[in-house]
Amino acid sequence: MRDERFYPFTAMPLPFAYNSLQPDISEYTMYFHHDKHYKGYVDKLNALLKDMPFLQNVPLSELTKNENTDIKNNAGGVFNHEMYFASLSPERRPVSEFIAECLTKNFGSVQEFLKEFHEAGMSQFGSGYAWLIKCCGKDNKLLKIIKTANQDTPDFITEIPILPVDVWEHAYYLDRQNRRDIYLDAFFNVLNWDVIEKRIREIN
Ligand code: MN3
């Protein structure tokens, strides 16, 4: 999942109502997370690129690897949040047969995947993300769980992002205070498995 869009970036609207993930994620959290944190990254990235014409036609996924730390962090903030929000849904649909098969093949069972993903989210020290990724290269087509710090992204070459979970405190502190574990359980209730399936199929 690369992102080929380039400057100027437009904030993606939240694909569902702010209050529709309740009680798993509150309206208050979704509003601040989307309208303040995420939009802040979009605005900051545009402001930085305004004075850097040589980066204005560089695609977003490439900007997340830029040597300029401000560009890299803000581009990562845009990419990671868009993927995170698009991975959520108020529909609470169960996993499809396809997803169950993929997860069972790679992790032993759907439950085991959820357990390992939860552990990765819990053990990311400080701010960052846990990811389900698809490996390309020598581990071709394997699904794996990795962690990234701050707004770093998977490498897009050997690690193709499928599903991120944001474990920055702003993702849960208003609702759960220090209980990241409860947030991670609630996150599993509102996953958009259709989108996750589409991402896995697209890079087959
Ligand atoms: Mn966030």
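The paragraphs below set out a description of the structure included in this document. (Residues numbered from 1 in each chain as written. Predicted model: local features only at pLDDT ≥ 70, side-chain atom pairs only at ≥ 80, totals over all residues. Heavy atoms only, no water.)

## So, the overall build of the protein
To keep things clear, this is the line we draw: In this text, helices come from DSSP runs of H or I with a minimum length of four residues, and strands from runs of E with a minimum of two, each type numbered from the N-terminal end. Radius of gyration here is computed from C-alpha atoms only, and the compact-globule reference equals 2.2 Å multiplied by the residue count raised to the power 0.38. For every residue, the accessible area (1.4 Å probe, protein chains only) is compared with the maximum for its type, and the residue is labelled buried under 20%, exposed over 50%, or partly exposed between those bounds. Contacts are assigned to residue pairs that have any heavy atoms within 4.5 Å of one another.
From N to C terminus, the protein includes eight helices and three strands. Its helices and strands taken in sequence order, the protein reads α-α-α-α-α-β-β-β-α-α-α from the N to the C terminus. Its C-alpha radius of gyration of 17 Å places the protein within 12% of the 17 Å reference for a compact globule of 204 residues. When its C-alpha atoms are laid out on the principal axes, the protein stretches across 50 × 45 × 30 Å. Each of the 204 residues in the protein was classed as buried or not, and the buried ones make up 49%. Long-range pairs, those at least 24 residues apart, make up 71% of the contacts in the protein with a sequence separation of at least 6.

## A few points about unusual backbone geometry
Cis geometry is found at the peptide bond from Tyr7 to Pro8, where omega equals -5 degrees. Residue Pro23 follows Gln22 across a cis peptide bond; omega there is 5 degrees. Residue position: Pro23 is located in the segment before α1 (27-50). Its identity as a non-glycine residue notwithstanding, Arg92 has a phi of 50 degrees, on the positive side. Position of Arg92 among the secondary structure elements: in the loop between α3 (69-86) and α4 (97-107). Among the residues examined, Arg92 registers a relative accessible area of 34% and is labelled partly exposed. Unlike most non-glycine residues, Phe156 shows phi in positive territory, near 70 degrees. With respect to the helices and strands, the residue Phe156 is situated in the loop between β2 (143-149) and β3 (159-166). You can call Phe156 buried: its relative accessible area is 5%.

## A few points about the coordination of the manganese ion
Definition in use: Counted as donors are the N, O and S atoms within 2.8 Å of the metal, or 3.2 Å for Na, K and Ca, while water is not among the atoms, so some sites may look incomplete.
Distances from the manganese ion to its protein donors, His33 (NE2), His81 (NE2), Asp166 (OD) and His170 (NE2), fall at 1.9 to 2.2 Å. The class for His81 is buried, based on a relative accessible area of 0%. Of the residues examined, His170 reaches a relative accessible area of 16% and is grouped as buried.

## Let's talk about the environment of Leu45
Within the secondary structure, Leu45 sits in helix α1. Since its relative accessible area comes to 0%, Leu45 is described here as buried. Setting aside anything within four residues of it in sequence, one finds Leu45 in contact with Phe9, Leu60, Ile71, Asn74, Ala75 and Val78.

## Examining the packing of helix α5 (residues 110-123) against helix α7 (residues 180-189)
Put simply, the rule reads: Interaxial angles span 0 to 180 degrees and are taken between N-to-C directions of axes, which are lines fitted to C-alpha atoms, for helices over the stretch in contact. Between 65 and 115 degrees an angle is taken as roughly perpendicular, under 35 as roughly parallel, over 145 as roughly antiparallel, and anywhere else as oblique. Whether a crossing is left-handed or right-handed is set by the direction in which the near helix is turned from the far one by less than a right angle, anticlockwise for left-handed and clockwise for right-handed. Under the scheme applied, nonpolar residues are Ala, Val, Leu, Ile, Met, Phe, Trp, Tyr, Cys and Pro; charged residues are Asp, Glu, Lys and Arg; polar residues are all the others, including Gly.
For the pair α5 and α7, interaxial distance at closest approach is 10 Å and the crossing angle is 140 degrees. The orientation of α5 relative to α7 falls into the category oblique. By crossing handedness, the relation of α5 to α7 is classed as right-handed. Mapping the contact onto sequence places Leu114, Phe117, His118, Gly121 and Met122 in α5 and Arg180, Asp181, Leu184, Asp185, Phe187 and Phe188 in α7. Classifying every residue of the contact of α5 with α7 by side-chain character gives six nonpolar, two polar and three charged.

## Considering the environment of Ala17
Here Ala17 is to be found in the segment before α1. As for Ala17 and Met30, which are separated by 13 residues in sequence, their C-alpha atoms are 9.1 Å apart.

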